[in-house]
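Listed here are the chains, written in short residue letters.
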Amino acid sequence: MSAQSSPSGKPIERYDVVVVGAGFAGMYMLHKLRGQGFSARVYEQGDGVGGTWYWNRYPGARCDVESMQYSYSFSDELQREWDWSERYAPQPEILKYANHVADRFDLRRDIQFDTSVVSAAFDERASTWSVTLSGGATVIAKFVVLATGCLSNARMPEIKGLDGFKGKVYHTGHWPHETVDFTGQRVGVIGTGSSGIQLVPVIAEQASHLTVFQRTANFAIPARNAALTEQERQSVRSRYPEIRHFARVESRNGIYTEMPDRGALDDGDSDRRAKYEARWNHGGLTFMSVYNNLALDQTANDTAADFVREKIAEIVENPETAKQLQPNNHPIGSKRICVDTEYFAAFNRPNVTLVDIKSSPIEEITVNAVRTGGRDHEVDALVLATGFDAMTGSVAKIELRGRNGQTLNQKWAEGPRTYLGLMSAGFPNLFVITGPGSPSVLSNMIVSIEQHVDWIADCVAYVRDRGLHAIEASTDAEDKWVAHVNEVAATTLYPQANSWYMGANVPGKPRIFMPYIGGVGPYRQICNDVATKGYEGFVMTGKEQPRKMAAS
Ligand code: NAP
């Protein structure tokens, strides 16, 4: 970092790289940049590290990727010394891990907490970014990396009367730090995605009555969570080289699992059922990896969807409730599949009621009730498990001004446009970690984060070592990549669902399948090839001689 005086006499801090966000992406980005000799500053709006795991503190929050895989792989010492307690880590433990990483790698001294990046503008003459922070200060950086997270912009639903509700209102993505005790209260939960499905059974244990307002029934697979034994931890650790390699290079979703070699219709009914049964009993996200065509072929998909619908009917005692809980308007997996612990069984409790708000939408929220179909469901507290403005929401909150004064929001008005999900043409030296157009949310996020961080750090070093001023995506490469992302998505069943992958959960948001579904392994290969070919598809400006960074 270096500092000069501004016209007002206040020092302007200058860094090689400004990183926005101190979640898992921002923390590793900082560590990596330091290792390459860059000065870097991270700005984080929260008062601690952890990103999504800092904000999502709702009861029952836990990761749906197994803990020994949902963890950094960049440090062998780290992955050997940290003991995960359960197959799926609960939120407090993941947050503890994030804090451990921050301490172990001495990250905090370069993170400024309680500080949002409000705007950033590219100075075309100097090839630097002028970054404005909440509080009004401005810093200068050669590069900006957005590590803002894909699911971090909690979305408040637009429901008439919500502001006038007299009880407490909680959003799962913005949960209070102190424990919320619902004992003896009548609680309403709106939303039945991954968050709602995790918290319903936990709140049902406390509340005097829980009313679940469901707009879309979702597919959920039992987690089969359990404590990890030392033997199980050691077994995974001894195979880490193989497990990590598979997740990075061979897998489609960054998760170590068997790769299916046949389609669902290649097996007869009883063999197929036995395989689904085995995966159901094993539990977790890999249910969708039983066959290789569940995301591609409607008839194949129907076999898996029917199996889960049958399971729901077996678990839920009231046939009418069971029917309402059976998803029927989207292929299984085309909305993010949920992983649950006793979600469907919770509806057998006498203190839990399901209200179908698809057929009878919420009319309004009164001072003490949710009104649907002319009937008031009285509640003392409301939990909004209504999701996020995913993938683009956190980026859109920052006014990012690139070449010719154009903002990223203007450029992305019809949907996000990136090359490889990493950069957007017209916005030089601005990178996004796990941005739209990359596998991101379709993968084990930590695998994708590490791949992007490594790629970005190498790219930035390439620019520095050649004395270049700027790198940016070419419009041509970006157009081709956007077309490719759309083409691949169109070969799958994903676009059929009104999902947040499609931006469908936010009124007015363009309907575009945002993540890249080509698979983590193939995508990594594409990124590596681009770099090996001297960053093919990117435009470099500046002279080709080694020199110090302009911003340093
Ligand atoms: P979500 O999947 O977007 O679910 C939001 C729910 O709220 C949906 O049921 C939605 O109904 C409903 N909803 C939204 N607006 C509404 C409105 N105005 N009125 C009534 N209902 C409304 O959000 P989420 O559950 O927070 O999960 C988001 C993503 O975060 C997940 O898909 C997952 O990737 C991640 N996540 C992961 C974990 C984990 O690792 N275990 C846990 C939580 C979240 P519609 O479906 O009809 O829109």
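Structure report, in brief. (Residues numbered from 1 in each chain as written. Predicted model: local features only at pLDDT ≥ 70, side-chain atom pairs only at ≥ 80, totals over all residues. Heavy atoms only, no water.)

## A few points about the overall build of the protein
Part 1 of the reasoning: A tally of helices and strands in the protein yields 16 helices and 21 strands.
Part 2 of the reasoning: Whereas a compact globule of 552 residues would reach a radius of gyration of roughly 24 Å, the protein reaches 24 Å, a difference of no more than 12%.
Part 3 of the reasoning: By the burial criterion, 58% of the 552 residues in the protein qualify as buried.
Part 4 of the reasoning: Of the contacts formed within the protein by residues at least 6 apart in sequence, a portion of 72% connects residues at least 24 apart.
Part 5 of the reasoning: Put simply, the protein shows about 22,200 Å² of open surface, and 48% of that area lies on carbon and sulfur atoms.
Part 6 of the reasoning: Both charge centroids of the protein, one from 57 positive and one from 64 negative side chains, sit 4 Å from each other. (Helix = DSSP H or I, 4+ residues; strand = E, 2+ residues; numbered from the N terminus. Rg over C-alpha atoms; globule rule 2.2 N^0.38 Å. Buried < 20%, exposed > 50% of the residue type's maximum accessible area, 1.4 Å probe, protein only. Contact = heavy atoms within 4.5 Å. Areas by Shrake-Rupley, 256 points an atom, 1.4 Å probe, with all protein chains shown as cover. Lys, Arg positive; Asp, Glu negative; His and termini not counted. Charge placed at Lys NZ, Arg CZ, Asp CG, Glu CD.)

## A few points about the environment of glycine 161
Part 1 of the reasoning: When you line up the elements, glycine 161 lands in the loop between β7 (138-146) and β8 (168-171).
Part 2 of the reasoning: Look at glycine 161 and you get partly exposed, because its relative accessible area is 30%.
Part 3 of the reasoning: Along the primary structure glycine 161 and glycine 268 are separated by 107 residues, whereas in three dimensions their C-alpha atoms are 53 Å apart.

## Quick look at the site of the ligand
Part 1 of the reasoning: The ligand sits among 24 residues. The nearest are Arg62, Ser195, Gln198, Thr216 and Lys335.
Part 2 of the reasoning: A distance of 2.7 Å is found between an oxygen atom of the ligand and a side-chain nitrogen or oxygen belonging to lysine 335.
Part 3 of the reasoning: By residue number, the principal contributor to the shell around the ligand is helix α5 (residues 194-206), which donates three residues.
Part 4 of the reasoning: Considered class by class, the residues forming the shell around the ligand number nine nonpolar, nine polar and six charged. (Near = heavy atom within 4 Å. Polar contact = N/O pair within 3.5 Å; in protein donor to acceptor, adjacent residues only side chain to side chain. Nonpolar A, V, L, I, M, F, W, Y, C, P; charged D, E, K, R; others polar.)

## Thoughts on the environment of tyrosine 291
Part 1 of the reasoning: Residue position: tyrosine 291 is located in the loop between α8 (269-282) and α9 (298-315).
Part 2 of the reasoning: Since its relative accessible area comes to 2%, tyrosine 291 is described here as buried.
Part 3 of the reasoning: Separated by 272 residues in the primary sequence, tyrosine 291 and valine 19 have C-alpha atoms spaced 40 Å apart.
Part 4 of the reasoning: Residues contacting tyrosine 291, with those up to four places away along its chain left out, are Pro260, Arg262, Gly263, Ala264, Asp267, Asp271, Arg272, Lys275 and Tyr276.

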